Each structure stands twice: as C-alpha cells, then as structure tokens.
Amino acid sequence: MDLDRRLRQRKKELVQKWFHAVIETYSADASRFFANQKDPFANPVGRAFREGLSGLFDHLINSEQNDPRQIGACLDPMIRIRAVQNFLPSQAIGFLFDFKKILRKDLGDALEHPDFSDALKRLEERIDAFGLIAFDVFMRCREKIYQLKADDLRERTFKAFERAGLVHDIPQANAEKDHYH
Amino acid sequence: MADDLLKPHELIANIKPRPPQTGWMDTPVKIRKGMYCYASNPKSVAALGFPNAREWNPLDEDWKLPPNWKEIVFEGMRERLDRFRTFKVFMDICVRCGACADKCHFFIGSGDPKNMPVLRAELLRSVYRRDFTTAGKLFGRLAGAREMTLDVLKEWWYYYFQCTECRRCSVFCPYGIDTAEITIMAREIFNLLGLNIDWIATPVANCYRTGNHLGIQPHAYKDMIDFFVDDIEDITGVRLNPHLNKKGADILFITPSGDVFADPGTYTAMGYLMLFHFLQEKYGLEVTWSTYASEGGNFGFFTSHETMKRLNAKMYAEAKRLGVKWILGGECGHMWRVIHQYMDTMNGPADFLEEPVSPITGTKFENAKSTKMVHITEFTADLIRHGKLDLDPSRNDHLVLTYHDSCNPSRGMGLLEEPRYVIKSVCNHFYEMPPNTIREQTFCCGSGAGLNAGENMELRMIGGFPRANAVKYVHETHGVNMLACICAIDRAALPTLMEYWVPEVNVTGVHELVANALNLPGQQERTTDLRGEPLPGMEADDE
C-alpha cells in the first residue's frame, strides 16, 4: 500500500484532526462553537476551516499540484481570517505545520516502512512549501489592512471634497520652490 | 500582530498558540492595537462640558483618572440603576442560558469569549453584584461578584467599545435583555471619567457646534449641494433648483452628513435631490434641506442620554424655525433608533408639526404620528405603490443587488419591507442573502456605534466578517455585484469591509438606485448612471 492511497482512505479522519488542531488555538468557548455550529452563515470561521482544510488536503496529496496561485487561493479564506484575529504571524500560519505531527501520529508504526518514509519526506517538503505560500498570503492580507487604514479617510472624505473643488492643491512650481528653500 | 513581533527565543516558546486556560475573571485584559479607537481629543471633551478633559493613551499604564474615580463609577452606576429600570432589570434577570453567546458578530469573528454578549454584560454585572446586591456583598466571587479595579475598568473600556449596539443578541434573549442598553450605560460611565473615544467625541462636539459630524459650515454644505446639481445636469440634462433653509416649505429633509460629504453616500444624496425635483415639478411639493440641521446622525446616542437629547433637539428646532409641516428623514441607521425609541419622551411631543400625511398620495404615516418624522423609504415606497413615480428599472440592469438590513432601522423600528419594495421596483436583479443573516437577524457591518475609525481596522474586519461571508455567498451563487443599504455608517464602512473580504462587490444607498431609474421631466437620453458608469447598451457610446 502506498502513502497516497492510505492518505486518500484516511482523508476524513485526518482533516477532522487537523480541524480540531486549528480550533484548539482559540479559547474553549470559541472552539466549542467553531466545532459544533454547522450552519455556514452562523459560523463562518468554522466553515472556512472545514472547507479550507479539506481542499488543502487534496492539494497536498496531489503531487501534480504545484501552482502557487491555486494553493494560495485555497489558503486565502483561512489565512485572511487569522490575519485579523488575535495571533502573531507565526501563530496565524502555524496550523499548516500541525499537519506533520498529525500525519506522523496517524501513520504510527507504518512510518518505519521504507516506501512510506520516502513518500512522507516528500509530503513534508510540500507542507513546508505550502507554508511559504501561506506566508505570502498572510502578508498580502496584512498589507491590505494597512492600505485600508491609509485609504480610509482619503477615499471616503477627501475625494468628495476634491470632486467638489473644495481642495486646492499647491501649484507644482511653488511646491518645489517651498521644498528647496 | 505584525507590530508586536517577538524576539526569536520568545517566538519559539510561543510558537504554538494556547489560549488562556484561566477563568475569565482571572484573565486580565490585553489592549491590542487594531482593536481599539484612539482616545478622545481633550478639546472635544471640553467643548461638551464633560469632565477630565486631558490627553491620554489607552496603551499607557496611567489613564490619568481623577483620584476618586472608583467613587464616580459607583455613584454613576447607582444613579443609573435608580433612573433606568431597564438597566436594573437587565443586571438582575440574566440566567446565563447562553442563547445570546454565539449571536454577536464580534464573537463569531474573533472567538474572544469576552465578546459573547452574556460575558460582555457579566463584566459589568460582576461589579454590580459586589456593590449593589446582598448576595454579592456576602459571598463575593461565589456569587459571581468582583471588586472594581483599574484592570476591570480597562477591561470594560476595551470590550464596551467592541460592541456596536446592534442588538442582534437581544433578538435571541428569552428575557429580552437588550445588551446595547448595558453598553450604553457603560459608555455613559466612561464619559464621567473622560474616557470617550475620539471617533465619537469629536463628531459630537462638531455636531453640537456646527450642526454636523465633520464640522462643515453652511457655505461648504451649500457648495456640495451645488456640485451635485452640476453633476446631475451633466448626467440628465436637467438643472435642479433645490431648496436650502426655505421657510414655509412643506417638508424639512434631514439626512446624515455622510450622504453629503462622503462617497458613496454622495450618490444617494444626488438620488434624494432628483426625487425631490421630480416631486416639485410633477406635484408641486416643496422639500427643503437645512444647512443647520445638517446631520441626521446622532453620536450623542453613543455618549450619554443628555448628549443625544441635545443633538436631537436641533432637528426639531430647525423644523419649528422653518415652519414646515413635518420632517422627512434620509437613509440613516441610529438616527432612526433615536427618533423611533427615544425622541418622543426626550424632546417630544413635536406638537408644533402636523401629523405626517403624504400630500401626493394622501397616505397617513401612523407610525410617525407623534415624532412627525417619516423614513424616506416608507415615503418613496408609498409613492411607487400609488404609481406616482415614472421609473425605468432597466437603467439598473448592470447591477445585481442584495440588501443589507441596517441594524437600527430593521431591529430598532421594524423597517423590513419598504426598502425591499423600493429596490425591487427600481431594479430587475435582486437576491436575498441567507435568512439567518437578514431582517431581524441581520448581521452588523461591524463598525456601528462610533467604531467606524481607521485605527481599529482589525476589529472592523473581524466584526464585519459574518456579514461579508453572506455577501460572498450571494456573489458566488448569483453574481451579486452591489450591496444596498439604508445607513450612512454602512455606506462608509461596508466598502472597506467588501474590499477586504469580497472585493467584487460595491455598496449603494437605495435612493441612488431610485434616481438611476427615475425619469425626470425634460431629461436628455441617459447614458450613464449617477456614478458616471455607462448604462447597459451604452458602453459603445461611452468610448
């Protein structure tokens, strides 16, 4: 039996364990809610991780899948949430690496089998690569937050004033003159 | 977050996030950047005559409180428990059943247990028990009581400014406890200590002095209206002549200043202008705007009952001065909760005004009999129902709409059908979001009750996530590209929320849609909508 087949067979259990590892990073009250409320609109965080981790699992075990954009798109809904929650950057994307531990624990003695250990090494390298993509996604989200903060006033208020001709720019020539003198 | 980066050795020790395992009373508050708003500007605090105006920073250890601050909190609570029966009842009757626990958008998004309405209320209730109940005095912690300390005060401040007073939780409470009222009381107590946030204090001071949140003076207000008139002429070929401060007009129109000064509310303001022009040309109805009562919003509501009363009074003073028959109110959120639930006993009855009747259809607005103020979507829905408007909904065919029930008009005054009726009459493509995210159960934008600042962006994004999640669903399933709402805070907050979660969706007021569809007498062929975007079938002409 190869690792791929075994993982495909155990997908449900593995994704479930991964999901619980993620929601354990929240308080007990929150993780109970994220796990138990099944309505996707009453519990959008739970939904994002349930669907997201399942999709991520498929990308992980599909060795043909090496498109960072598609992998990033799968990670995005989960990272986007954690990028604004109360987490350090390391904590926000750390859940990805939890899967290594879950995997090793699940394989147990089978790890010793040479076929498995080589395949596992390749899979763990993929998890590391996904981690780097997750870092890109995280930074994209954080940069968006900073951009929104910066835009907030300008976009909403300043623009309206500008359109109404209530804002008078300093003419270019004078501005330069002021700058240098 | 990124600005709290740890050193490598600390990072390794913390690499696996473990939430605190301590009980909530033993978990001290940690004020996190991005989750709170800046402290109030002392000038604004002083302008309203509130105590302890000074520079202070929530991140500092020392909040520069008066030495007797504990006594002020105790007296403040005592006075309010005597004065507001609701507050007393809400302190006593909660059985901690947990029905509200998972209904708050801040909890759903953040997972922070102190954002569960029951626990947020418990922050205050625990001190109430210690100071005002026998069981609490005798048994202390066993009875869920705790002493007021500086840490408790900071915890109150952090979490009562993480509540948008949207009242979704109260819909699910079997006892009808209105958590918003508990937040309102907490914020009143903060104002006794000079602990307001600037995004509330400065708009209130501006509104008190100049008439609107931004402190825009009458001539600038008029300039903006003139600018809209020019823009409308470019689009429709019709020159409008709106009334400002006109004595003896039939109706005074009051809307949030956000509609006049901030995109995309400005397009909604253009919509109102076009509707009023149509009604004057067709039916001779005179509607006047006011450069003095130039703010429908009332951030006094987020400060104290007295401040709310002071700001609300100017609207009625202006109606009296101008001698209008009644007041028409624009698309605003909390303005309507103030009018519908507070105005009548606060500044009413407005017996110098007439009971509102539409002069065009003869419809009596029974619900506004005492406040004399009619919501514009009711007014417009009535006009449409009687076939009084000349509409071409195809001019909105480039838009696929959904509708966000703004918290205050929906839960605060039951305005559910009228906006939908108007939208469906002026647009051909409309899809509802899932039932548990709309109407009475609507999810807040995450930025209401004075929290629509820039510095608390993380809080706003996480609080608005349940709303954005439902919008994303209709975007993905029905191709929705426009989110309609009837609140100026929504129009300011939702575009930012959409940009983070569902960037393909824009935000509009309902009367922008009405004006896109409305045929003005003598208009030229319309090629663009109010935003200057080419209308369906007109794309080629635009090039």
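Thresholds applied
- Residues numbered from 1 in each chain as written.
- Chains lettered and ligands numbered in written order.
- Predicted model: local features only at pLDDT ≥ 70, side-chain atom pairs only at ≥ 80, totals over all residues.
- Helix = DSSP H or I, 4+ residues; strand = E, 2+ residues; numbered from the N terminus.
- Buried ≥ 20, exposed ≤ 12 C-beta atoms within 10 Å, placed from the backbone.
- Contact = placed C-beta atoms within 7 Å.
- Nonpolar A, V, L, I, M, F, W, Y, C, P; charged D, E, K, R; others polar.
- Domains from an automatic or database assignment.
- Pairing = 2+ DSSP bridges.
- Axes fitted to C-alpha atoms, helices over the stretch in contact; angles between N-to-C directions.
- Left-handed = near helix turned anticlockwise from the far one by under 90°.
- Core = buried A, V, L, I, M, F, W, Y, C linked by C-beta atoms within 7 Å.
- Right-handed = clockwise from strand over helix to strand, strands pointing away.
- pLDDT = per-residue confidence, 0-100.
- Parallel < 35°, antiparallel > 145°, perpendicular 65-115°, else oblique.
- Expected span 1.5 Å × (residues − 1).
- Bend = angle between axes of the 7 residues up to and from the residue.
- Arc of directions from axis to C-beta.

Undergrad: Any chance you could break down the overall build of chain B for me, citing the residues and the numbers?
TA: Broken down by element type, chain B carries 24 helices and eight strands. Principal-axis analysis of the C-alpha atoms gives chain B an extent of 75 × 55 × 40 Å. In chain B, buried positions account for 55% of the 543 residues. A separation threshold of at least 6 residues defines the contact pool for chain B, and within that pool the share at least 24 residues apart is 75%.

Undergrad: Now, about the environment of serine 304 of chain B: what can you tell me, with residues and values included?
TA: Counting through the fold element by element, serine 304 of chain B comes out in the loop between strand S3 (287-289) and helix H15 (305-322). Dropping the residues within four chain positions of it, serine 304 of chain B is found in contact with Glu188 and Asn191 of chain B.

Undergrad: Go over the interface of chain B and chain A, please, and point to the residues and values.
TA: Reports often express the size of an interface as the amount of accessible area lost when the parts come together. Chain B puts 43 residues into the contact, and the matching count from chain A is 38 residues. Along the lines of polarity and charge, the residues of the side of chain B that touches chain A split into 23 nonpolar, ten polar and ten charged.

Undergrad: So what about the domain arrangement of chain B? Which residues, and what values?
TA: Residue and element names in this part refer to chain B. Domain annotation for chain B reports domain 1 (23-196) and domain 2 (204-542). Once you take the C-alpha centre of each, domain 1 and domain 2 turn out to be 32 Å apart. Of all the elements in the fold, those that place two or more residues in the side of domain 1 that touches domain 2 are helix H2 (42-47), helix H5 (105-110), helix H9 (168-172) and helix H10 (179-192). By residue number, the principal contributor to the side of domain 1 that touches domain 2 is H5, which donates five residues. In the side of domain 1 that touches domain 2, the residues fall into twelve nonpolar, nine polar and five charged.

Undergrad: Quick one: what's the story with the sheet that holds strand S6 (residues 401-403) of chain B, residue by residue and with numbers?
TA: Consider a sheet: its strands pair through backbone hydrogen bonds, and that pairing is either parallel or antiparallel. All names here are of chain B. The three strands are arranged S6-S7-S8 in an open sheet whose pairing can be described as parallel. Sheet topology places S6 and strand S8 (506-509) at the edges, where each strand pairs with a single neighbour. Averaged over all pairs of adjacent strands, the angle between their axes in this sheet comes to 35°, without regard to strand direction. In the packing of helix H22 (residues 488-501) onto the sheet, contacts are made with strand S7 (482-485) and S8, and the angle to S8 comes to roughly 165°.

Undergrad: Would you mind going over the pairing of S8 of chain B in detail, with residue names and values included?
TA: Pairing of S7 of chain B with S8 of chain B, which is carried by four bridges, proceeds in the parallel orientation. Across the sheet, residue methionine 482 of chain B finds its bridge partner in S8 of chain B, namely asparagine 506 of chain B.

Undergrad: Could you give an account of the environment of asparagine 312 of chain B, with specific residues and numbers?
TA: Residue and element names in this part refer to chain B. Mapped onto the fold, asparagine 312 is located in helix H15. Residue classification places asparagine 312 among the buried residues on the basis of 21 C-beta atoms within 10 Å. Spatially, the C-alpha atom of asparagine 312 lies 36 Å from that of glycine 98, the residues being 214 residues apart in sequence. Setting aside its immediate chain neighbours within four residues, asparagine 312 contacts Asn298, Val338, Met343, Met346 and Asn347.

Undergrad: Pulling in residues and values, what's your account of the packing of helix H6 (residues 117-132) of chain B against H10 of chain B?
TA: Describing two packed helices takes the angle between their axes plus the distance from one axis to the other. Residues and elements named next belong to chain B. Here H6 crosses H10 at 35°, and the two axes come no closer than 10 Å. Of the two possible hands of crossing, H6 and H10 adopt the one that is left-handed. Within the contact between the two elements, H6 uses Pro117, Arg120, Ala121 and Leu124 and H10 uses Thr179, Ile182 and Ala186. Across the contact of H6 with H10, the residue classes tally to five nonpolar, one polar and one charged.

Undergrad: Describe the nonpolar core, listing the residues and the values that go with them.
TA: Residue and element names in this part refer to chain B. Counting residues in hydrophobic clusters, the biggest one holds 206 residues, and the most contacted among them are Ile423 and Met498. Of all the elements, helix H14 (residues 265-283) adds the most residues to this core, at ten residues. When residues of this core are assigned to domains, at least three map to each of domain 1 (23-196) and domain 2 (204-542).

Undergrad: Give a detailed account of the pairing of S7 of chain B, specifying residues and quantitative values.
TA: Neither face of S7 of chain B is exposed, since Met482 and Ala484 of chain B on one face and Leu483 and Cys485 of chain B on the opposite face are all buried. With H22 of chain B bridging S7 of chain B and its parallel neighbour S8 of chain B, the resulting β-α-β unit is right-handed.

Undergrad: Pulling in residues and values, what's your account of the confidence of the model for chain B?
TA: When the pLDDT values of chain B are averaged, the result is 95; 96% of them are 70 or greater. Prediction confidence for the complex, expressed as pTM and ipTM, is 0.94 and 0.93 respectively.

Undergrad: Give me the packing of H6 of chain B against helix H8 (residues 150-160) of chain B: which residues, what numbers.
TA: All names here are of chain B. At their nearest, the axes of H6 and H8 sit 10 Å apart, and the two run at 150° to each other. Put simply, H6 runs roughly antiparallel to H8. The handedness of the crossing between H6 and H8 comes out as left-handed. Here Arg120, Leu123, Leu124 and Val127 of H6 come into contact with H8, specifically with Val152, Glu155, Trp156 and Tyr159. The residue makeup of the contact of H6 with H8, split by class, is six nonpolar, no polar and two charged.

Undergrad: Help me get a handle on helix H16 (residues 334-346) of chain B, residues and values and all.
TA: All names here are of chain B. Over its 13 residues, H16 runs only 15 Å from end to end, short of the ideal 18 Å by more than 12%, given 1.5 Å per residue. Maximum bend of H16: about 40°, positioned at histidine 340. His334, Met335, Trp336, Arg337, Val338, Ile339, His340 and Met343 are the residues of H16 that are buried. Buried residues in H16 make contact with H15, strand S4 (326-329), strand S5 (373-375) and helix H18 (407-413).

Undergrad: Kindly report on helix H3 (residues 28-36) of chain A, identifying the contributing residues and their values.
TA: Residues and elements named next belong to chain A. Where H3 is concerned, the buried positions are Asp29, Ala30, Phe33 and Phe34. Projected down its long axis, H3 shows its buried positions confined to an angular sector of 125°, all on one face. Exposed positions of H3 whose direction lies more than 90 degrees from the buried face are Ala28 and Asn36. On its buried side, H3 packs onto helix H2 (11-23) and helix H4 (44-61).

Undergrad: A description of the sheet that holds S5 of chain B should follow, citing residues and the corresponding values.
TA: All names here are of chain B. If you walk across this open sheet you meet the five strands as S1-S3-S2-S4-S5, and the pairing is parallel. The strands lining the two open edges of the sheet, one partner per strand, are strand S1 (243-244) and S5. Pairing between S1 and S3: two bridges, direction parallel. When the bridges of S3 are listed, leucine 244 appears paired with tryptophan 289.

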